[in-house]
Amino acid sequence: MSSLSVFPIFKLPILCIECILNQFETYDKINISLLSKKCHWILKRLAKPTLRCLKIKIEKNYAEVIFMLKTNQNYGSWIFDFGELEKLTPIQHTINGCNMDYGEHVRFYPFRFTDPQQTLNSAVSYFMDLFNVPVRYVSIAPDEFPQTRKLIFPGCNQCEEVWITGKIPLKTNMLKHFLENFKITERLSFYIPFESDFYLDPVHFAKDEIHFLSSSANWITRDVLFNLKNPRIQLYECDISNLNVKDFERFVDRWYHSNDTEFEILVMKWSVFPGILDIERFNPMPWDKNKRSKKFQIYPDMKVNCSRGMDIERSDGSLATVSKRVDN
């Protein structure tokens, strides 16, 4: 009779254990961390973490937690079905675009609860703690959310960037609750219409960067625009009945006569330009390469070409470029 051979990894010196575990897949590291408190402690202190961050997608009846590697590649994901707990799938590891199924559903996770939402919250919290990674990005598509889901639950209470997209108007109370209970540290983007009577105090949108795209900008009036406290504001396809070129000029005028050093950029894009831009009162001058760089980054794949605009110099020496064209 042959006997089963074993390799006693956890009887080795701690540095040897770490060296071995660093070669394991992310999926295996999660499983090993759950074996004991010692295993969890060892996995947490690994010198070479493989994950960079988590991303979360929320659509209709499910949420997907995506594991992003240091190489910025998608390692795989875990889908949490909000309808039936039995539909909770195992983590899917992606290799060259192909999903690798690890077999039977994992049922021993300590963060597996009767309530799928509680399972999602506990799982995300566990992954963040184990790998010491943040939630980088949350994508929310609230179209056709079931009536029982009156609120948005991303599975965490903070992330760097949120993108909300859809075709059905976003309910005001849902968005208000979300923004009051969720911390967004960098960018908040909307590509979804709001209810016809939508209004929310601009203080709720006080993030580093705010984007309103397409019909999501239609509720924004001059008063709302002037009360946004974001260093970076981008509005696309604005409703010209609410905002026009004179509002843009007034915004520039406010900056020109202030000492604000935190504001960075305002981008406003209309389908049809609503009027004639007049900035002569600010004594505009051509771009000077000795005073500022030629291009200003407004998004990872988009820059403003300052050489095609006109510069305005404030009394404290701060420069602003007014340009009517955006280059990719």
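Fair warning: this is a prediction, and the values are worked out from it, not measured in the lab. (Residues numbered from 1 in each chain as written. Predicted model: local features only at pLDDT ≥ 70, side-chain atom pairs only at ≥ 80, totals over all residues. Heavy atoms only, no water.)

Asker: Can you walk me through unusual backbone geometry in this structure?
Answerer: Negative phi values dominate among residues other than glycine, just as trans dominates among peptide bonds. For Asn-132, which is not a glycine, the phi torsion comes out positive at approximately 50 degrees. Inspection of the secondary structure assignment puts Asn-132 in the loop between α4 (116–131) and β6 (135–141). Look at Asn-132 and you get exposed, because its relative accessible area is 66%. The phi torsion at Glu-144 lies on the positive side, around 65 degrees, for a residue other than glycine. Mapped onto the secondary structure, Glu-144 falls in the loop between β6 and β7 (158–165). (Helix = DSSP H or I, 4+ residues; strand = E, 2+ residues; numbered from the N terminus. Buried < 20%, exposed > 50% of the residue type's maximum accessible area, 1.4 Å probe, protein only.)

Asker: Quick question: what am I supposed to make of the sheet that holds strand β12 (residues 285–286) here?
Answerer: Backbone-to-backbone hydrogen bonds join strands into a sheet, with any given pair of strands oriented parallel or antiparallel. Here 3 strands make up an open sheet; going across it, the order is β12-β15-β16 and the pairing antiparallel. The open sheet is flanked by β12 and β16 (319–322), the only strands paired with a single partner. Along the sheet face, helix α7 (residues 245–256) touches β15 (310–313) and β16 and points at about 40 degrees away from the line of β15. (Pairing = 2+ DSSP bridges. Contact = heavy atoms within 4.5 Å. Axes fitted to C-alpha atoms, helices over the stretch in contact; angles between N-to-C directions.)

Asker: How should I be thinking about the packing of helix α3 (residues 37–44) against α4 in this particular structure?
Answerer: Two quantities define a packed helix pair, namely the angle between the helix axes and the distance between the axes. Closest axis-to-axis distance for the α3/α4 pair is 7 Å, and the angle between their directions is 60 degrees. Comparing the axis directions of α3 and α4 gives the class oblique. Mapping the contact onto sequence places His-40, Leu-43 and Lys-44 in α3 and Tyr-126, Asp-129 and Leu-130 in α4. Its residues assigned to classes, the contact of α3 with α4 comprises 3 nonpolar, 1 polar and 2 charged. (Parallel < 35°, antiparallel > 145°, perpendicular 65-115°, else oblique. Nonpolar A, V, L, I, M, F, W, Y, C, P; charged D, E, K, R; others polar.)

Asker: I would appreciate a short explanation of the environment of Leu-179 in the present structure.
Answerer: Among the secondary structure elements, Leu-179 is positioned in helix α5 (residues 172–181). Sequence separation between Leu-179 and Ile-152 is 27 residues, and the spatial gap between their C-alpha atoms is 9.8 Å. Not counting residues within four places of it along the chain, the set of residues in contact with Leu-179 comprises Ile-184, Leu-188, Leu-200, His-204, Phe-205 and Lys-207.

Asker: Quick question: what am I supposed to make of α7 here?
Answerer: Owing to its 3.6 residues per turn, the α-helix aligns residues three or four sequence positions apart on the same side. The terminal C-alpha atoms of α7, which comprises 12 residues, lie 17 Å apart, in line with the 16 Å expected from a rise of 1.5 Å per residue. Taken together, the buried positions of α7 are occupied by Val-245, Asp-247, Phe-248, Glu-249, Phe-251, Val-252, Trp-255 and Tyr-256. Where α7 is buried, its residues touch α6 (222–227), β10 (232–236), β11 (265–269), β15 and β16. For α7, the N-terminal capping position is held by Asn-244, with its side-chain oxygen 2.9 Å away from the main-chain nitrogen of Lys-246. (Expected span 1.5 Å × (residues − 1). Polar contact = N/O pair within 3.5 Å; in protein donor to acceptor, adjacent residues only side chain to side chain.)

Asker: Sorry, what's going on with the pairing of strand β3 (residues 74–81) here?
Answerer: Consecutive residues of a regular strand have side chains that alternate between opposite faces of the sheet. Burial of β3 is extensive: 6 of the 8 residues sit out of reach of the surface. Here strand β2 (residues 62–69) runs beside β3; their pairing, made up of 7 bridges, is antiparallel. Looking at β3, one finds that Ile-66 is bridged to Ser-77.

Asker: I would appreciate a short explanation of the layout of surface pockets in the present structure.
Answerer: When its volume is computed, the largest pocket comes out at roughly 890 Å³. Together, 33 residues line the largest pocket, and Phe-248, Ile-265, Leu-266, Thr-321 and Ser-323 are the ones closest to its centre. Looking at the lining of the largest pocket, the elements with two or more residues in it are α7, β11, β14 (302–305) and β16. With 5 residues, the top contributor of residues to the lining of the largest pocket is β11. When its residues are assigned to classes, the lining of the largest pocket shows 22 nonpolar, 5 polar and 6 charged. (1 Å grid on protein atoms, 1.4 Å probe; cavity = no way out; pocket = protein on both sides within 12 Å on 5 of 7 lines; lining within 4 Å. Points joined across faces, edges and corners; volume = space filled by probe spheres on them.)

Asker: So what exactly am I meant to see when it comes to the side chain of His-40 here?
Answerer: Turning to its location among the elements, His-40 is positioned in helix α3. Owing to a relative accessible area of 19%, His-40 belongs among the buried residues under this scheme.

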